[in-house]
Amino acid sequence: MIDVLITGAAGRMGSEVVKAVSAADGMRVVAAVDPANHGVTVSDGNGGLIACTVDLAAAIREHSPDVMVDFTHPSVVESNLVIALGAGVDCVVGTTGLPETRLAELAEGAPAGTCLFMAPNFAIGAILMMRFAAQAARYMPHVEIIELHHDQKADAPSGTAMLTAGLISQARATVPDAPGRETEIAEGARGASVQDVTVHSVRLPGMVAHQEVLFGGQGQTLTLRHDSIDRTSFMPGVILACRQVGAHAGLLIGLDRFMEA
Ligand code: NAD
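What you see is a predicted model; the values in this text were computed from it and never measured.

### Some thoughts on the site of the ligand
Working step 1: In the vicinity of the ligand, 25 residues are found, and the nearest of them are Arg12, Met13, Asp34, Ala119 and Phe122.
Working step 2: For the ligand, an oxygen atom lies 3.1 Å from a polar atom in the side chain of threonine 96.
Working step 3: Burial of the ligand by the protein amounts to 82% of the accessible area it has alone, namely 870 Å².

The following block contains the structure:
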């Protein structure tokens, strides 16, 4: 039995994780931590309720979880990781916004054998979109990314867009100019540059998580698009990571690491 503690348990993602872990074979939720929602109960999806507590360190001492799953906020994920990794708890992190260099430092500071796994996107379709984008970039180096998310998202560009830009940048042999930056009439009209890939961030109510990768070539375009229309799209990836982290150590980034498992 894999014992899972969930931080951000009352949030949009955390509450789905409570249900997904409760429904999965061979694992269970042992604690739900969400300080702003102390005492609030979260449904396990099967008639049960799990109450949120405040103190992460105390919850770890009391329940000795095997894994912490964190879907919180860029401003708090670091302190949660310091506590959990410090206690030797493997971590599955979906919260975006923390630089990879800092994640590496946190993983290094953890007791030997502890794993810090971070996925900017847990949806299988998004992983495939990123793979296809890297493949296409080898042949079509002119590319821009449009990522679209709900209006409560804390960080921009999204972690998925940042990772996609990095993969494109590694894959393509040439870096074409991004035309129009010098003639931008309204600041930001041409988007941000992430590793020389132009990224546009859209924030609107009604959205969940979406991304288009647009390639342009002579007389043709290619568009790759992924839509998470529901947060359940992320849950198989989260469950897979919870099963896998115990067999790994150190920092691992991206669900690809576990997809062939
Ligand atoms: P949300 O605001 O709905 O939920 C966050 C929850 O964290 C809230 O309930 C909040 O009270 C709680 N929280 C705040 N501080 C805390 C702390 N110190 N300890 C424990 N809980 C705390 O946000 P959301 O939409 O669920 O997104 C959470 C994060 O997950 C964001 O960074 C988002 O970008 C990311 N996300 C990642 C993926 C992915 O596939 N990797 C997918 C969707 C969202």
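Read on for the rest.
### What to know about helix H4 (residues 100-108)
Working step 1: Three or more residues of H4 are buried, namely Leu103, Leu106 and Ala107. Buried residues of H4, seen end-on, are gathered within an arc of 100 degrees and therefore sit on one face of the element. In H4, the exposed positions angled more than 90 degrees off the buried face are occupied by Thr101 and Glu108.
Working step 2: On its buried side, H4 packs onto helix H3 (77-86), strand S7 (115-118) and strand S13 (250-253).

### Considering the sheet that holds strand S3 (residues 41-43)
Working step 1: On the basis of which strands lie adjacent, the open sheet formed by eight strands has the order S3-S4-S2-S1-S5-S6-S7-S13 and mixed pairing. Only two strands of the sheet have a single neighbouring strand rather than two, namely S3 and S13. Between one strand axis and the next, the sheet turns through 25 degrees on average, direction left out of account.
Working step 2: Bridging between strand S1 (residues 2-7) and strand S2 (residues 27-33) involves six bridges; their strand directions are parallel. By the bridge assignment for S2, aspartate 3 is matched with arginine 28.

### Side note on the domain arrangement of the protein
Quoted interface sizes are often the accessible area lost when the parts come together.
Working step 1: Considered domain by domain, the protein is made up of domain 1 (2-118 + 231-259) and domain 2 (124-228).
Working step 2: Each of domain 1 and domain 2 was reduced to a C-alpha centroid, and the two centroids are 28 Å apart.
Working step 3: Tallying the contact residues gives eleven residues for domain 1 and twelve residues for domain 2.
Working step 4: Counting each side, the surface lost to burial between domain 1 and domain 2 is near 970 Å², with a carbon and sulfur contribution of 62%.
Working step 5: When the buried surface of domain 1 facing domain 2 is broken down by residue, Thr96, Arg231 and Met259 rank first, second and third, together holding 41% of it.
Working step 6: Counting every contact that joins domain 1 to domain 2 gives one salt bridge.
Working step 7: With its nearest N and O atoms 3.3 Å apart, the salt bridge here joins aspartate 256 to arginine 131.
Working step 8: Connecting domain 1 to domain 2 are four residue pairs in polar contact (both at pLDDT 80 or more).
Working step 9: Split by residue class, the side of domain 1 that touches domain 2 holds four nonpolar, four polar and three charged.

### Notes on the pattern of salt bridges
Working step 1: One pass over the full model with this rule turns up ten salt bridges.
Working step 2: Via salt bridges that share partners, Glu78, Arg102 and Glu105 belong to a single interconnected network.

### Some thoughts on the packing of helix H2 (residues 56-63) against H3
Between two packed helices, what matters for the description is the angle formed by their axes and the separation of those axes.
Working step 1: Two numbers describe how H2 lies on H3: the axes approach to 10 Å, and their chain directions differ by 25 degrees. Comparing their axes, H3 and H2 come out roughly parallel. Note on packing geometry: the crossing formed by H2 with H3 is right-handed. For the pair formed by H2 and H3, the contact residues are Leu56, Ala57 and Ile60 on the first element and Asn80, Ile83 and Ala84 on the second.

Definitions and cut-offs
Along each chain, the written sequence defines residue order, and numbers are assigned to residues from 1. Where local features are concerned, this predicted model is filtered to residues with pLDDT of at least 70; where side-chain atom pairs are given and counted, the filter is 80 or more; whole-chain, interface and lining totals use all residues. By convention in this description, side-chain values take in all heavy atoms of the structure and omit both hydrogens and water. By convention in this text, a residue qualifies as near a molecule or strand provided that one of its non-hydrogen atoms is within 4 Å of it. As used in this structure description, the phrase polar contact means that two N or O atoms lie within 3.5 Å; if the pair is within protein, one of them must be able to donate a hydrogen and the other to accept it, and residues adjacent in sequence are counted only when both atoms belong to side chains. Accessible surface is estimated by sampling points in the Shrake-Rupley manner with a 1.4 Å probe; for residues, cover comes only from the protein chains shown. Only protein chains enter the accessibility calculation, which uses a 1.4 Å probe; a residue whose area is less than 20% of its type maximum is buried, one above 50% is exposed, and one in between is partly exposed. Segments assigned H or I by DSSP are reported as helices when at least four residues long, segments assigned E as strands when at least two residues long, and all are numbered from the N terminus. What the arc measures is the spread of directions leading from the helix axis to the C-beta atoms. By definition, residues are in contact when any of their heavy atoms lie within 4.5 Å. Think of it this way: DSSP has to see at least two bridges between two strands before they count as a pair. For helices, the fitted line uses only the C-alpha atoms of the stretch in contact; every axis is such a line through C-alpha atoms, and the angle between N-to-C directions lies from 0 to 180 degrees. For the domains described, the bounds stem from an automatic or database domain assignment. Buried area, as used here, totals the accessible surface that two parts lose on assembly, with accessibility defined by a 1.4 Å probe and the loss added over both. Salt bridges are identified by distance alone: a Lys or Arg side-chain nitrogen within 4 Å of an Asp or Glu carboxyl oxygen. Each residue is assigned to one class: nonpolar for Ala, Val, Leu, Ile, Met, Phe, Trp, Tyr, Cys and Pro, charged for Asp, Glu, Lys and Arg, and polar for all the others, Gly among them. To sort the angles, those under 35 degrees are grouped as roughly parallel, those over 145 as roughly antiparallel, those from 65 to 115 as roughly perpendicular, and the leftovers as oblique. Put simply, a crossing is left-handed when the front helix is turned counterclockwise from the back one by less than a right angle, and right-handed when it is turned clockwise.

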